[in-house]
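Remarks on the overall topology
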Amino acid sequence: MTTKGLAQDAAQRILDKVKEPVTVGMVLGSGLGALADEVENAHRFAYSELPGFPVSSVSSHASELVVGTLMGVRVAILAGRAHYYEKGDATVMKQPLATLRALGCEQVLLTNAAGSLRVEVAPGNLMLIEDHINWSGRSPLIGVESDDRFVGLTEVYDAEIRANLKKAAAHAGVPLESGVYTWFSGPNFETPAEIRAARIIGSDAVGMSTVPEVILARWMGLKVGAISTITNYGAGMTGDELSHHETKEVGAIGAEKLIKVIRAYLGAMA
Ligand code: HPA
């Protein structure tokens, strides 16, 4: 079956249970699953029940779709993402994103854990993604055979969503930096030389996700907003070795702030 057919099939199964369509989709990164627990009247669907959904092998990812209401807005949260680095497939989140679209979403908010390249943006803080650099050189649209593959990415992170996320952060009293996110394939962390290079080319943060999903989402016509929770400084910026453990631990601090911002954002929409 085609991506669209599979997504319509998954969306129909979901809508049979949840009844009402959804306005905002979300993708949660490492350690950010707590947001899904805030959803009211939640219906939970394990990815394994949904056609075309991947099962993530990352220890901090739950792999369920949570549909319900948050601050009066109908939301569908992908709690758990699969990553390019798991199997080398940049299209791995295509079906879940297409399902969000088929559920009625017009916009998707993506979150991730990232390393900061800016000394003044310390771990535990949030960074609004203004733009990105695809350092992996991979595109999830390789292999698409129609002209719609030539997706323009001039304003990839929607200006109105960015402005509203900034307003929401101010309203919630959460500092929100903004900057450029650079996608490294992972799963290894970067070298200090790569981090220095990333700074020179204009990166403010680095991470192993989000960019392929953003490209897919724009291809599907979804508006995109994205926020990183900063879990560490880039390799070589401190004397410490990086670890996934740290990503999870510090991610939890950022998650609390992120929940406040998302709640304020949705509250202003309702
Ligand atoms: N590099 C890549 N991915 C990450 C990092 C990092 O420093 N921190 C959290 N995810």
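For the structure itself, look to the data block above.
This section reports on the structure supplied with the text.

1. Some points on the site of the ligand
In the vicinity of the ligand, the residues found are Ala113, Ala114, Gly115, Phe189, Glu190, Val206, Gly207, Met208, Thr231, Asn232 and Leu242. Backbone polar atom of Ala113 to a nitrogen atom of the ligand: 3.3 Å apart, as the coordinates give it. At 2.7 Å, a side-chain N or O of Glu190 approaches a nitrogen atom of the ligand. According to the grid-proximity analysis, the pocket containing the ligand is the largest pocket. The set of elements that each furnish at least two residues to the shell around the ligand consists of strand 5 (107-116), strand 8 (205-207) and strand 9 (223-233). Per element, the largest residue contribution to the shell around the ligand is three residues, and it comes from strand 5. Considering only residue class, the shell around the ligand consists of six nonpolar, four polar and one charged.

2. Here's the deal with the pattern of salt bridges
Scanning the model with the defined rule gives ten salt bridges in all. Glu213 is the salt-bridge partner of Arg81, the closest N and O atoms lying 2.8 Å from each other. Pair noted here: Arg81 is in the loop between strand 4 (73-79) and helix 2 (84-87) and Glu213 is in helix 6 (residues 211-219), with a separation of 132 residues, a long-range link. Accessibility expressed as a relative area gives 2% for Glu213, which makes it buried. One salt bridge connects Glu177 with Arg118, and the closest N-O pair in it is separated by 3.2 Å. A residue pair is termed long-range when its members are at least 10 positions apart, and Glu177 in strand 7 (residues 176-183) and Arg118 in the loop between strand 5 and strand 6 (126-134) qualify at 59 residues. What you see here is one network of salt bridges that share partners, running through Arg118, Glu120, Glu177 and Asp204.

3. Concerning the layout of surface pockets
Approximately 320 Å³ is the volume attributed to the largest pocket. Taken together, 20 residues make up the lining of the largest pocket; nearest its centre are Ala113, Phe189, Met208, His244 and Thr247. Considering every element that reaches the lining of the largest pocket, the biggest residue donor is strand 5, with four residues. Here the residues of the lining of the largest pocket sort into seven nonpolar, eleven polar and two charged. The computed volume of the second largest pocket comes to approximately 230 Å³.

Reading the values: the criteria
- The written sequence of each chain sets the order in which its residues are numbered from 1.
- Residue-level local features of this predicted model are given only where pLDDT is at least 70; pairs of side-chain atoms are given and counted only at 80 or more, and the full residue set underlies all totals for whole chains, interfaces and linings.
- Computation of side-chain values: all heavy atoms of the structure, hydrogens and water removed.
- The rule for a residue being near a molecule or strand is that one of its heavy atoms must lie within 4 Å of it.
- We call two N or O atoms a polar contact when they sit within 3.5 Å, provided that within protein one can donate a hydrogen and the other can accept it, with sequence-adjacent residues counted only if both atoms are side-chain atoms.
- Here a cavity denotes grid points, spaced 1 Å and computed from the protein atoms alone, that fit a 1.4 Å probe unable to get out, and a pocket denotes an open set having protein on both sides within 12 Å along at least 5 of 7 lines; residues with an atom within 4 Å of a point are the lining.
- Just a note on the criterion: a molecule sits in a pocket or cavity if more than half of its atoms are within 2 Å of the grid points.
- Segments assigned H or I by DSSP are reported as helices when at least four residues long, segments assigned E as strands when at least two residues long, and all are numbered from the N terminus.
- Gly is put with the polar residues, along with every residue not named as nonpolar or charged; the nonpolar set is Ala, Val, Leu, Ile, Met, Phe, Trp, Tyr, Cys and Pro, and the charged set is Asp, Glu, Lys and Arg.
- Every case where a carboxyl oxygen of Asp or Glu lies within 4 Å of a side-chain nitrogen of Lys or Arg is listed as a salt bridge.
- The classification of residues rests on relative accessible area computed with a 1.4 Å probe and restricted to protein chains. Under 20% of the type maximum is buried, over 50% is exposed, and intermediate values are partly exposed.
- Grid points are joined across faces, edges and corners, and a volume is the space filled by probe spheres set on the points.

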